[in-house]
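# A closer look at the structure
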Amino acid sequence: MRRANRKDEQELANDGLTYPDTEYFCKTRPVPVGPQFKAMEAVRNWARANSLAVQAFGTGCGAVELRPLMTARYDAYRYGITGSPTPRQSCVFVIGGYASVKTLKRIVVSYEQMQNPKFVVALGSCTVNGGMYWDSYNTINRIDHYIPVDLYVSGCMPRPEALLAGFVKLKELIKAGKCEGANRYIENLDWYKANQKRVIKNWNMPDYNW
Amino acid sequence: MFERSSDRSRYPEVVDGKPVVDLDSEKYVKIWHGPQHPGITGNMSLELILCGDEVVDCKTHVGYLHRGFEKLMERRTWIQNFPVVCRIAVPEPAFNEYLYAAGVEELAGIQVPERAQWIRNLNLEMMRLASFLAWLGGQAGAFGNSTIGQWTVTHRDYLLDLFEEMTGGRIYHMYMVPGGVRSGLPDGFEERLEAVLKKVEKLLKEIELVLLNNSVFKARAVGLGYIDKDMIDRYGITGPNQRACGIKRDVRKDCPYLVYDQLDFEVITGTASDTYERTLVRYQEMHQCIDLCRQIVGRMPKDGPFHQPLPNVLHWRIPPGETYVKAECTRGEKGYYLVSDGSLYPRRICIRGPSYTHAFPVMEKLAIGTDIADIAGLMVSLHTYPPEIER
Amino acid sequence: MKELFERLQALFAVTDFHQQRADLGFLSIPKDHAEMLIRHLRDHEGFTHLVFFTAVDYIEDGVFRLVYMLHNYGTKDTLGVHVDISRENATMTSIHELWEQAGLYQRELKEMFGIDFPGSPRLDEDFLLEGWDEIPPMRREFDTRAYAEATFFPREGRTKSDPRTHMREQLYPDPDQE
């Protein structure tokens, strides 16, 4: 078992915190997680794809179309999609539409608190290029510069059938092993954090909220 | 329901309506009933200070959905604002379209044809019904009864199908242009509407048995969130919240707009202004919506133009002036204040959402003294939608 | 509503009455008498409902025009009171004792326009914006598009080409290039 070289481990600065909060948060940088047993990975990906728990955070307009998805008419449960009340218990984060700067801070905190494996589905055209609020002083234009996105579903707003098609595509991507958003986030943590800190002016959080 | 101890010596004293709380003494816990929560009516949060199970202080925080609409609308021409406007109040967009169109028509002096008025009114009443259905699911779900949410959201979906037939979109219709509506009703629409209304009526009968006669709902909702009569004008409370106190005011009756002066309906009031009474008033208003939809379909003129031709909208200058138009949406009085200075762009558009007063001063006052488990139910019973607070 | 204006004219320095509709009228009053007029309207004339309270920025005249919209439930009339205040050092007396929601409108005006209301409760707390360090955004000199392009990452749009030149190149390519 090879131990990581101490010089390679850079500590997180956590300079948004003041004493005594600095004592409560971890300083070691997160590391990307690879598959434990490569041979079993196909079975594990199949299991992950069929048990998606969507976090209960309605960030924007798109949350209105998530509600009909969980009813009997569109029935997302037969695809293995359920709801989950907290970030720690969920694995899919559906970002429903535009994200204002205040919500972006909460999105980042919720995303980092989710446990691996985690996937992000971005709904609507506001996540792609800012949508109709492209020139607004309070909404961000491209969500994938702040957190890693696995799948976009475009529309304004996307119909529940479009959402279901998006989830089906997400499952295919998971089974093919291509949904490595969490690892991408950790590998490029400095770039993501620089983007976030540029927009979120009152940074009073640790650098990684695990 | 358990009884609260009448010995208030262990609770903080109240000075000027606000409790004096010392957070460093380890009697109190501050939690965020926050933006990531299954029990709120949208993306807003409450900062609660608890003493045991009882809320002693509450602060509302909004701003999570602030897009700067009023600033964006000053940058777009009058016709470019028309698709933007419906996204201000996300679960109930049709009222925004109607009010913007009505304001522009009043400033520009455009006459709307008769049939267009009736179609607009039908769209608004269907929108009220859909919004009430979604609300009812939320109110029951806040007290733990999530079956009703499944029923009502499905029936709302039937209404959204009808909207899609009529306008082309399920949620955001972009249908009421200044000058009329964008298209007439499709063939056979009235029969399909009647079929859906029958389904909704049958559902409401079942909901009356399951929810309004439910002993758990009655035990939890009666006495929760009592609004005093002298709070109404002091806080600017409108809509069913105010009518449940016994005050008979309704914008549709007092300042009739569209074709409401040709329809027969009564203003529904209640007496005990708690959560149960508000639920009852809204339930009766749902029946009223169904009745109004049937009246409108019966009395609508069968043919006629549905749109007044507009001047070249790319170079459309509205004469200078200002106006305020209002409508009765599910939550209360919604109004648009438009100021024009004669140029291609609006000077100022201010949106008066009813949730502005319901979510802030009223919620902060009513939350003090309630149980933490009932806060979600209280918030949903005031029927606040965060997007229209912060636009 | 004309009689209402005449009654008020006898008591206050109201000017510029404009009747927009049968039940909607606007009038102006100087800044120092505004609070007394609003109190009088609420207590003696029956305008008990504060509908909203906002400001319009007239940068070319150097004023903010505050608009108090009051509604009378008895006669179903709506009256808009215009108060002009200067854009530099914009302050106004607070009306938070008359209506509870006025404190909230004043918080929003402080954040969005920069108008100060001394005495209003919780005036300096963030209302809609968090960590905002530019000028108040609803002022007309604030350019929201320039700010959005500088702070956020705009996505380049699709390239557009003129259909005429595109078809000409397709159907009649330049003979010198062959």
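Computed from a prediction, not measured in an experiment: that's the story for all the values here.

If you tally the helices and strands in chain A, you get seven helices and five strands. In sequence order, the secondary structure elements of chain A are arranged as α-β-α-β-β-α-β-α-β-α-α-α. Overall, the C-alpha framework of chain A stretches about 55 × 50 × 25 Å when taken along its three principal axes.

Moving on, we come to the sheet that holds strand 8 (residues 348-352) of chain B. Residues and elements named next belong to chain B. A sheet is described by the order of its strands in space; here three strands give the open sequence 6-7-8, paired in antiparallel fashion. Single-partner strands in this sheet number two, and they are strand 6 (321-328) and strand 8. Here the strands of the sheet are splayed against their neighbours by 10° on average, with no regard to which way each runs. As paired strands, strand 6 and strand 7 (residues 333-340) are joined by eight bridges and run antiparallel to one another. When the bridges of strand 7 are listed, Val325 appears paired with Tyr336. Its contacts with the sheet place helix 3 (residues 94-108) against strand 6 and strand 7, and it is angled at close to 145° to strand 6.

Further remarks concern the interface of chain B and chain A. At the interface, 24 residues of chain B touch 31 residues of chain A. Those elements that place two or more of their residues in the side of chain B that touches chain A are helix 1 (69-75) and helix 5 (146-167) of chain B. Considering every element that reaches the side of chain B that touches chain A, the biggest residue donor is helix 5 of chain B, with four residues. For the side of chain B that touches chain A, the residue count by class is 11 nonpolar, eight polar and five charged.

Note on strand geometry: in a regular strand, side chains alternate between the two faces of the sheet. Buried residues dominate strand 6 of chain B, accounting for seven of its eight residues. Taken together, strand 6 of chain B and the strand that follows it, strand 7 of chain B, pair antiparallel across an intervening segment of four residues, in which Gly332 of chain B is found at a positive phi of about 155°.

The next point concerns the domain arrangement of chain B. When the parts come together, some accessible area is lost, and that loss is often what is quoted as the size of the interface. Residue and element names in this part refer to chain B. Examined at the domain level, chain B breaks down into domain 1 (8-61) and domain 2 (69-390). Look at where the C-alpha atoms of domain 1 and domain 2 centre, and you get two points 31 Å apart. Residue assignment for the side of domain 1 that touches domain 2 shows that the elements contributing at least two residues are strand 4 (45-51) and strand 5 (54-61). The biggest single contributor to the side of domain 1 that touches domain 2 is strand 5, with seven residues.

This paragraph deals with the confidence of the model for chain B. Low-confidence regions, as indicated by low pLDDT, have predicted coordinates that should not be scrutinised in detail. When the pLDDT values of chain B are averaged, the result is 86; 95% of them are 70 or greater. Among the prediction metrics, the complex's ipTM stands at 0.85, with pTM recorded as 0.88.

Let's shift gears to the pairing of strand 7 of chain B. Residue and element names in this part refer to chain B. Burial within strand 7 is extensive, with eight of its eight residues counted as buried. Residues Glu333, Gly335, Tyr337 and Val339 of strand 7 are buried on one face, and the alternating residues Lys334, Tyr336, Leu338 and Ser340, pointing to the opposite face, are buried as well. One ladder, built from five bridges, connects strand 7 with strand 8; its direction is antiparallel. Bridge pairing links Tyr337 to Cys350 in strand 8.

What counts and how
- Residues numbered from 1 in each chain as written.
- Chains lettered and ligands numbered in written order.
- Predicted model: local features only at pLDDT ≥ 70, side-chain atom pairs only at ≥ 80, totals over all residues.
- Helix = DSSP H or I, 4+ residues; strand = E, 2+ residues; numbered from the N terminus.
- Pairing = 2+ DSSP bridges.
- Axes fitted to C-alpha atoms, helices over the stretch in contact; angles between N-to-C directions.
- Contact = placed C-beta atoms within 7 Å.
- Nonpolar A, V, L, I, M, F, W, Y, C, P; charged D, E, K, R; others polar.
- Buried ≥ 20, exposed ≤ 12 C-beta atoms within 10 Å, placed from the backbone.
- Domains from an automatic or database assignment.
- pLDDT = per-residue confidence, 0-100.

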